Amino acid sequence: MDPATSPLLTAADALEALAARTTGGSWERSGLLASRPEVVARAADGSTVHVAEARAATVDWITALSPALAAPLADWLREAARSPAGPAALAVARAVLAGVAPDQRSGPLP
């Protein structure tokens, strides 16, 4: 394996493994749970689970995708925007924007 690409492939594998053991579904805001914003995971069958109630399944996902990921991910998306953006970069951009409240975005979904 090329040492330059090894971290990329290892990170991709780690993200897939984390996602596989994390509370699945589409995570969305859903009002308040006690005094905090509620986040629910909606499964394909319509069932939901409160993400806060599934902490054991989500803790590694949350820590792996902490705010520390924002700067390098933003840099990568900006790099992708300077050249013909591939489908992976566009998919990441759409997924990020889908999770951001419309009033927190500077433009529409791509």
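See the structure above.
All of the points below concern the structure found in this document.

### As for the packing of helix 1 (residues 6-21) against helix 2 (residues 55-64)
It is the contact of helix 1 with helix 2, at a shortest axis distance of 8 Å, that shows an interaxial angle of 145°. Classified by chirality, the crossing of helix 2 by helix 1 is left-handed. The residues of helix 2 that touch helix 1, namely those facing Leu15, Leu18, Ala19 and Arg21, are Ala57, Asp60, Trp61 and Ala64. Taken together, the residues of the contact of helix 1 with helix 2 sort by class into 6 nonpolar, no polar and 2 charged.

### Considering the pairing of strand 2 (residues 36-42)
Where strand 2 lies against strand 3 (residues 48-50), 3 bridges are found, and the strand directions are antiparallel. Bridge pairing in strand 3 places alanine 41 opposite valine 49. Remark: 5 residues form the turn of the hairpin made by strand 2 and strand 3, two consecutive strands paired antiparallel; glycine 46 in that turn has positive phi of roughly 95°.

### Some points on the side chain of threonine 22
Residue placement: threonine 22 occurs in the loop between helix 1 and strand 1 (26-33). A distance of 2.5 Å separates a polar atom in the side chain of threonine 22 from the backbone oxygen of leucine 18. Residues in contact with threonine 22, not counting those within four places in the same chain, are Trp27, Ala57, Thr58 and Trp61.

Conventions adopted
Residues numbered from 1 in each chain as written. Predicted model: local features only at pLDDT ≥ 70, side-chain atom pairs only at ≥ 80, totals over all residues. Heavy atoms only, no water. Axes fitted to C-alpha atoms, helices over the stretch in contact; angles between N-to-C directions. Helix = DSSP H or I, 4+ residues; strand = E, 2+ residues; numbered from the N terminus. Left-handed = near helix turned anticlockwise from the far one by under 90°. Contact = heavy atoms within 4.5 Å. Nonpolar A, V, L, I, M, F, W, Y, C, P; charged D, E, K, R; others polar. Pairing = 2+ DSSP bridges. Polar contact = N/O pair within 3.5 Å; in protein donor to acceptor, adjacent residues only side chain to side chain.

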